[in-house]
Amino acid sequence: TRFSHAITRRPAASITHGLRAVDTGTPDLALMRTHHADYVAALRETGATVIELEPLEAYPDSVFVEDTALCLPEGAVIMRPGAPSRLGEAAEMAPHLAQLYGEVLRIDGPGHIEGGDILVTETEILVGRSARTDAAGVAELARLVARWGHKLREVFTPPGVLHFKTDCSLLDGDTVLATRRLDASGCFAGYKVIHVAEGEEACANAIRFNDPVILPAGFPRTAEILDKAGFSLRQIGNSECAKLDGGMSCLSLRF
Ligand code: CIR
């Protein structure tokens, strides 16, 4: 799949109040901005148009735009985040997608679903139930995308893992990068799976964006595995977003 567009949002100063499962320190805003600029540059280097939205101070986690929407070739779907502090971020994204897409649908609830739990492959849409995404949210998305002919398969995010894609990424049409703990659930039957190196679970959230695989920096053994498998790599600092359980996929919507 070639991507022509991505949407990102610059980190707000309120990022220091962002949600985190475990407190490993307050993110440094200046360093996060530098990493974010490197990330945007990496997307642009592939020839894609990157739309950079302004920071939203009212929403500390709003840099993680992926959770607000699902972008498909036929149209976009506005999500309904399961984190109460993030619910309003989805509505903030809607007008931007309306400018780019003919059809923008919306999860109305009562269920919840976040984009970080959705992996779109060439043949299906995998959605992992998690602490943020419930059965009703998955069912509503399944009904909405059926009109565009997409098949959706519900899977499960392991306990203690924030989002389904915290632990996996799509590398090409039928190859996935995943942690062993997620792969053990059997959700990738029929796909080729490359495991991240032991102890490098935090780099499973990568993205294949046109040519390169964009991987967080600091995971040399997984980088070597991917290099040997023939992928070109672009490594981006992610230390500050990692303090908030965010990674490479969370920082953009890609279509
Ligand atoms: C949150 O807890 O919602 C944010 N601190 C991190 C969101 C990461 N997003 C993603 O994995 N798609």
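Residues numbered from 1 in each chain as written. Predicted model: local features only at pLDDT ≥ 70, side-chain atom pairs only at ≥ 80, totals over all residues.

Stated formally: UniProt positions are given in the numbering used here, feature names are shortened, and annotations may be inferred rather than shown by experiment.
The name that an unreviewed UniProt entry assigns to the protein is Amidinotransferase, with the source organism given as Rhodobacter ferrooxidans. According to the UniProt record, the Sequence similarities (unreviewed entry) comment for the protein is "Belongs to the DDAH family."

## Looking at the sheet that holds strand β12 (residues 207-208)
Basically, it comes down to this: When DSSP finds two or more bridges between two strands, those strands count as paired. Here a helix means four or more residues in a row that DSSP labels H or I, a strand means two or more in a row labelled E, and each is numbered from the N terminus. Contact between two residues is assigned whenever their backbone-derived C-beta positions fall within 7 Å. Helix axes are fitted to C-alpha atoms over the stretch in contact, other axes to C-alpha atoms as well, and angles between N-to-C directions run from 0 to 180 degrees.
Reading across from one edge, β12-β13-β14 is the order of the 3 strands in this open sheet, with mixed pairing throughout. Only two strands of the sheet have a single neighbouring strand rather than two, namely β12 and β14 (233-236). Running over the sheet, helix α1 (residues 29-45) touches β13 (213-216) and β14 and is turned about 160 degrees from β14. The strands touched by helix α5 (residues 220-228) are β13 and β14; relative to β14, the strand with the most contacts, the crossing angle is about 160 degrees.

## So, the confidence of the model for the protein
The criterion, for reference: In predicted models, pLDDT denotes the confidence assigned by the predictor to each residue on a 0 to 100 scale.
Mean pLDDT over the protein stands at 97; residues scoring 70 or higher make up 100%. Here the prediction assigns the complex a pTM of 0.97, and the interface score ipTM is 0.97.

## Structural notes on the environment of Leu215
With respect to the element layout, Leu215 can be found in strand β13. In sequence terms Leu215 and Ala37 are 178 residues apart; their C-alpha atoms lie 15 Å from each other.

## Some remarks on α1
A turn of α-helix holds 3.6 residues, and therefore any two residues three or four places apart point the same way. Just so we agree on the cut-off: Here the expected span of a helix is defined as 1.5 Å times the quantity of residues minus one. Residue burial here comes from a neighbour count, namely the number of other C-beta atoms, placed from the backbone, that lie within 10 Å of the residue's own C-beta, with 20 or more meaning buried, 12 or fewer meaning exposed, and in between meaning partly exposed. The arc under discussion is defined with respect to the helix axis, by the directions toward the C-beta atoms.
With 17 residues, α1 extends 24 Å from end C-alpha to end C-alpha; this agrees with the ideal 24 Å at 1.5 Å per step. Buried within α1 are the following residues: Met32, His35, His36, Tyr39 and Leu43. Axial view of α1: buried residues confined to an arc of 105 degrees, hence all on one face. Away from its buried face, by an angle of more than 90 degrees, α1 presents the exposed residues Ala30, Leu31 and Ala41. Looking at the buried residues of α1, the elements they touch are β1 (5-9), β2 (49-53), β14 and α6 (239-242). Looking at the residues trailing α1, positive phi occurs at Gly47, about 100 degrees.

## A few points about the environment of Ala206
By the element assignment, Ala206 lies in the loop between β11 (192-195) and β12. With 30 C-beta atoms counted inside 10 Å, the residue Ala206 sits in the buried group. C-alpha separation for the pair Ala206 and Gly247, spaced 41 residues apart in sequence, amounts to 7.1 Å. When residues no more than four places from it in sequence are discounted, the contact partners of Ala206 are Ser169, Leu177, Val213, Ile214, Leu215 and Met248.

## Quick look at helix α3 (residues 135-146)
Counted at 1.5 Å a residue, the expected span for α3 with its 12 residues is 16 Å, and the 16 Å between its end C-alpha atoms agrees. Within the sequence span of α3, burial applies to Gly137, Val138, Glu140, Leu141 and Val145. The buried residues of α3 occupy an angular sector of 165 degrees when the element is viewed end-on, so they sit on one face. Along α3, exposed side chains directed more than 90 degrees from the buried face belong to Ala135, Arg143 and Ala146. For α3, the elements touching its buried residues are β4 (76-78), β7 (125-129) and β8 (152-156).

## Some words on the sheet that holds β4
Read across the sheet, 3 strands follow the order β3-β4-β5 without closing on themselves; strand pairing throughout is mixed. Looking at strand neighbours, the two that pair on one side only are β3 (69-71) and β5 (104-106), the edges of this open sheet. On average, each strand axis in the sheet is tilted by 20 degrees relative to the strand beside it, whichever way the strands run. Taken together, the 3 bridges between β3 and β4 define a ladder with antiparallel strand orientation. Paired with Ala69 across the strands is Ile78, a residue of β4. Relative to β4, helix α2 (residues 87-100) is tilted by about 160 degrees, and along the sheet it contacts β3, β4 and β5.

## With respect to the site of the ligand
Test applied: A residue counts as near a molecule or strand when its C-beta atom, positioned from the backbone, falls within 6 Å of it. Under the grouping applied here, Gly and all other residues not named as nonpolar or charged are polar, the nonpolar ones being Ala, Val, Leu, Ile, Met, Phe, Trp, Tyr, Cys and Pro and the charged ones Asp, Glu, Lys and Arg.
Taken together, 20 residues surround the ligand, and among them Leu19, Phe64, Gly116, Leu244 and Cys250 come closest. In terms of residue class, the shell around the ligand is made up of 6 nonpolar, 7 polar and 7 charged.

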